[in-house]
Amino acid sequence: MASPIEQFQIKPIIPVINFTNSSLFMIGAAAVIVGGLLYATRKRAVVPGRAQSVAEVLHDFVANTLVDATGKEGMKFFPLVFSLFMFVLTANLLGMIPGFFTVTSHIIVTFALAMLVIGTVVIYGFVKHGTHFLGLFVPSGVPGWLLPFIVVIELISFLSRPISLSLRLFANMLAGHIALKVFAGFVVALLGAGGALTILAPLPLLMAVALMALEFLVAALQAYVFTVLTCIYLNDALHPGH
Amino acid sequence: MADPHERNGEDERKTGSTDDADLSARLKSLDARISQASAHRAESEPRARPTSNSSAIGQAFRLSAEFVAGVAAGGILGWIVDYLLGSSPWGLIVCLILGFCAGMLNLMRAAGVVKPARYDDKR
């Protein structure tokens, strides 16, 4: 029987340029997003059709999340945040199709996305506020002898952000897909065991169906959480001192 | 044929000018209502900035990774310090402890027990 982690294996498709199944599904996700949005907005009707409504809901949802977290001036980051949200959401949902590869179940991918966010925060923070951005690490009202410790702790806390951002998405997708595969494997194993055990086979099947629904929830929720945290971190770059 | 509703509709169509006036009046009131609604929305925008309380379940998922990430960041930082200064194992030990503190801080911030990372009025 297939091992539950075999689904995460990276397989080269075009070895010469290191084009792997992961690359294929990243390009696939981008193609689905671009194609879907182009299809949805081709008419640009005043009264939106079904596809256009979906696109508008997605746009408003991300825009509201961003404005809630960062205020109106945060809208200059909308292209970045919307691209991140759509990519994570589409990659997660594409991974739910049986036999498909889940791009976001590899920590290097989610870490690269998180570093993109944190890099934007740091660079924009320093460009906009200069050294005032470092005030992020120096809280007010701390006694002098405690300050060095607090600054180091704040620094580590800041450094842990890309880790927590990438870890959460990666761990959720990895754990969910392993759990699905394990329960699906139980069905096959029980059917193969024969005798009384065969009668038990539908039980893990029910569990797999329930987990599938949960995984769809997790896929959408993790994309949302990733977006919300991106907005909160961008807020630090926009308003470091107040 | 003797449907009263249909008759009514025909009557209204005959009196075209009043219909137009009615329509423009309705459009005007709609305009006013739209501008009022958007003004209300713009007004409420700055107020709605308390971070991360958008969804309780999202916050619950957030907590799990915060603590681990703090410890991991401390460990990585300590390992780098040891690697650069050759002070093994003290950098790792100290930074892991500090990372533990940072993880707790992350956790409490994510839970909303302490104030979020933005510090107001430095005075």
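This one's a predicted model, so the numbers in the text were calculated from it and none came from an experiment.

S.K.: Explanation requested: the overall build of chain B in the structure shown.
M.R.: Looking only at helices and strands, one finds four helices and zero strands in chain B. In chain B, the succession of helices and strands from N to C terminus is α-α-α-α. Counting only residues that meet the buried cut, chain B has 23% of its 123 residues in that class. In chain B, the proportion of contacts linking residues at least 24 apart, taken out of those at least 6 apart, comes to 50%. Put simply, chain B shows about 8900 Å² of open surface, and 63% of that area lies on carbon and sulfur atoms.

S.K.: Just to check I follow, could you spell out the UniProt feature "transmembrane region" (unreviewed entry) in chain B for this structure?
M.R.: UniProt's feature table lists "transmembrane region" (unreviewed entry) at residues 63-81 and 87-108 of chain B, given in the numbering used throughout. Regarding residues 87-108 of chain B, the helix share stands at 86% and the strand share at 0%, and the terminal C-alpha atoms are separated by 32 Å.

S.K.: Looking at this structure, I do not really get the UniProt feature "transmembrane region" (unreviewed entry) in chain A. What am I missing?
M.R.: Residues and elements named next belong to chain A. Those places that UniProt annotates as "transmembrane region" (unreviewed entry) correspond, in this numbering, to residues 22-40, 77-101, 107-127, 134-158, 178-201 and 213-235. Across residues 77-101, helical content stands at 72% and strand content at 0%; the span's end C-alpha atoms are separated by 29 Å. Annotated as 88% helix and 0% strand, the span residues 178-201 places its first and last C-alpha atoms 19 Å apart.

S.K.: What exactly am I supposed to notice about the packing of aromatic side chains here?
M.R.: One pair of aromatic rings is described through two measures. These are the centre distance and the angle between the planes. With the rule as written, the count across this model stands at 11 aromatic pairs over all chains. With centroids separated by 5.5 Å and ring planes inclined at 20 degrees, the aromatic side chains of Trp79 of chain B and Tyr83 of chain B adopt a geometry described as stacked. Taken as a pair, Trp79 of chain B and Tyr83 of chain B lie in helix α3 (residues 56-85) at a separation of four residues, close to a single helical turn. For the pair shown, Trp79 of chain B and Tyr83 of chain B are each scored as exposed. Through a chain of ring-to-ring contacts, the aromatic side chains of Phe25, Phe100 and Phe101 of chain A assemble into a single cluster.

S.K.: Would you explain the pattern of salt bridges in this entry?
M.R.: Should the charged atoms of two oppositely charged side chains come close, the side chains can pair. Within the structure shown, the criterion is met by two salt bridges over all chains. The salt bridge involving Glu154 of chain A is made with Arg109 of chain B; its shortest N-O contact spans 2.7 Å. Of the two residues, Glu154 of chain A sits in helix α5 (residues 147-193) while Arg109 of chain B sits in helix α4 (residues 90-111), which places them in two different chains. When its relative accessible area of 14% is taken as the criterion, Arg109 of chain B is described as buried.

About the criteria used
- Residues numbered from 1 in each chain as written.
- Chains lettered and ligands numbered in written order.
- Predicted model: local features only at pLDDT ≥ 70, side-chain atom pairs only at ≥ 80, totals over all residues.
- Heavy atoms only, no water.
- Helix = DSSP H or I, 4+ residues; strand = E, 2+ residues; numbered from the N terminus.
- Buried < 20%, exposed > 50% of the residue type's maximum accessible area, 1.4 Å probe, protein only.
- Contact = heavy atoms within 4.5 Å.
- Areas by Shrake-Rupley, 256 points an atom, 1.4 Å probe, with all protein chains shown as cover.
- UniProt positions renumbered as here; feature names shortened; annotations may be inferred.
- Phe/Tyr/Trp six-rings, centres within 6.5 Å; stacked < 30°, edge-to-face > 60°.
- Salt bridge = Lys/Arg side-chain N within 4 Å of Asp/Glu carboxyl O.

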